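Now for the letters of each chain:
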Amino acid sequence: DGGITQSPKYLFRKEGQNVTLSCEQNLNHDAMYWYRQDPGQGLRLIYYSQIVNDFQKGDIAEGYSVSREKKESFPLTVTSAQKNPTAFYLCASSILRGQDNSNQPQHFGDGTRLSIL
Amino acid sequence: EDQVTQSPEALRLQEGESSSLNCSYTVSGLRGLFWYRQDPGKGPEFLFTLYSAGEEKEKERLKATLTKKESFLHITAPKPEDSATYLCAVRGASGSARQLTFGSGTQLTVLP
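Residues numbered from 1 in each chain as written. Chains lettered and ligands numbered in written order. Predicted model: local features only at pLDDT ≥ 70, side-chain atom pairs only at ≥ 80, totals over all residues. Heavy atoms only, no water.

1. As for the state of the cysteines
- Across all of its chains, the model carries 2 disulfides over all chains by this definition.
- Linked covalently through their sulfurs, Cys23 of chain A and Cys91 of chain A form a disulfide whose S-S length is 1.9 Å. With the S-S dihedral at roughly -75°, the linkage between Cys23 of chain A and Cys91 of chain A falls on the left-handed side. With Cys23 of chain A in strand S3 (residues 19-25) and Cys91 of chain A in strand S9 (residues 87-94), the pair connects residues that are 68 residues apart, well separated along the chain.
- Overall, the relative accessible area of 0% leaves Cys23 of chain A in the buried class.
- Linked covalently through their sulfurs, Cys23 of chain B and Cys88 of chain B form a disulfide whose S-S length is 1.9 Å. Between Cys23 of chain B and Cys88 of chain B, the disulfide has an S-S torsion of -65° and is therefore left-handed. Residue Cys23 of chain B is found in strand S3 (residues 19-26), and its partner Cys88 of chain B is found in strand S9 (residues 84-92); the two are separated by 65 residues along the sequence. (Disulfide = S-S within 2.5 Å. Helix = DSSP H or I, 4+ residues; strand = E, 2+ residues; numbered from the N terminus. Buried < 20%, exposed > 50% of the residue type's maximum accessible area, 1.4 Å probe, protein only.)

2. Notes on a nonpolar patch on the surface
- A surface patch of nonpolar side chains, about 390 Å² in accessible area, is lined by Tyr10, Phe12 and Leu117 of chain A.
- Relative to the helices and strands, Phe12 of chain A resides in strand S2 (residues 10-13). (Patch = residues over 30% accessible without salt bridge, like charges linked within 9 Å, V, L, I, M, F, W, Y side chains within 5 Å. Areas by Shrake-Rupley, 256 points an atom, 1.4 Å probe, with all protein chains shown as cover. Salt bridge = Lys/Arg side-chain N within 4 Å of Asp/Glu carboxyl O.)

3. Some words on the sheet that holds strand S7 (residues 62-66) of chain B
All names here are of chain B.
- The strand order S1-S3-S8-S7-S6 describes an open sheet built from 5 strands, whose pairing is antiparallel. Every other strand in the sheet has two partners, leaving strand S1 (3-7) and strand S6 (56-59) as the edge strands with one partner each. Direction aside, neighbouring strands of the sheet carry axes that sit 15° apart on average.
- Looking at chain direction, S1 and S3 are connected through 5 bridges and run antiparallel. Opposite Val4, over in S3, you have Tyr25 as the bridge partner. (Pairing = 2+ DSSP bridges. Axes fitted to C-alpha atoms, helices over the stretch in contact; angles between N-to-C directions.)

4. Quick notes on the pattern of salt bridges
- By the definition in use, this model includes 8 salt bridges over all chains.
- Of the charged contacts in the structure, one is a salt bridge between Lys57 of chain B and Glu55 of chain B, with a shortest N-O distance of 3.6 Å.
- A residue is classified by how much of its surface remains accessible, and Lys57 of chain B, at 29% relative accessible area, is partly exposed.
- Because the salt bridges share partners, they merge into one network encompassing Arg36, Asp38 and Arg44 of chain A.

5. Notes on the interface of chain A and chain B
- Contacts between the two partners involve 26 residues from chain A and, on the opposite side, 20 residues from chain B.
- Inspection of the region where chain A meets chain B yields 1 salt bridge.
- Counting residues per element, the ones that place at least two in the side of chain A that touches chain B are strand S4 (31-37), strand S5 (44-51), S9 and strand S10 (107-108) of chain A.
- By residue class, the composition of the side of chain A that touches chain B is 10 nonpolar, 12 polar and 4 charged. (Contact = heavy atoms within 4.5 Å. Nonpolar A, V, L, I, M, F, W, Y, C, P; charged D, E, K, R; others polar.)

6. With respect to the side chain of Ser73 of chain A
- Inspection of the secondary structure assignment puts Ser73 of chain A in the loop between strand S7 (64-66) and strand S8 (76-78).
- The exposure class of Ser73 of chain A is buried, given its relative accessible area of 11%.

7. Thoughts on the side chain of Asp2 of chain B
All names here are of chain B.
- Summarising the element assignment, Asp2 is placed in the segment before S1.
- Assessed through its relative accessible area of 12%, Asp2 is described here as buried.
- Once residues within four sequence positions are removed from consideration, Asp2 is found in contact with Thr26, Val27, Ser28, Val90, Gly92, Gln99 and Thr101.

Given below as structure tokens:
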């Protein structure tokens, strides 16, 4: 089955530590995204990538870093500079345009919940 | 700046009691309005895309409609398994692949 796999499901970070969240997709989608979800708030975009070896900052990129070395993979590193990392992190992917040039929906993985020890 | 407001924040229904969820939006040139369902501890699951005022989409007990300022998600004769948080998102004309603005969701509980 095609889909988006995020791992681990739960992650704990010690103070001063960098942690990396994995996101892999086998949908052959061009674009991939990272969102942060906090209780009572909408999803906020951290980073996105439309093509291999290229990515752009979203609305809340400070304290995070990404790479896109393969089309299928878009790992997110939460650095020690992110002072409030506790949240639910969601990875998504999409094709950029449908055959009729329509905007295509983003499809999501099942998330990683990050907490501070 | 694109904005999305969903109401109510939470809704409790008895099984079979139909109702509607609201998504009000402000966007510069709508390029798509998306509805998602999210179960606890899971990622959002795509439901519908709407592109223009007057458009309607249906799936089982759900029907989404769109006007120039808002979208409604109508739930007809809901069942307990319809309990979830429903998210609305918009993409505006200035959007590249990044520009998807989400509302904070409506948490729906359907009681048996």
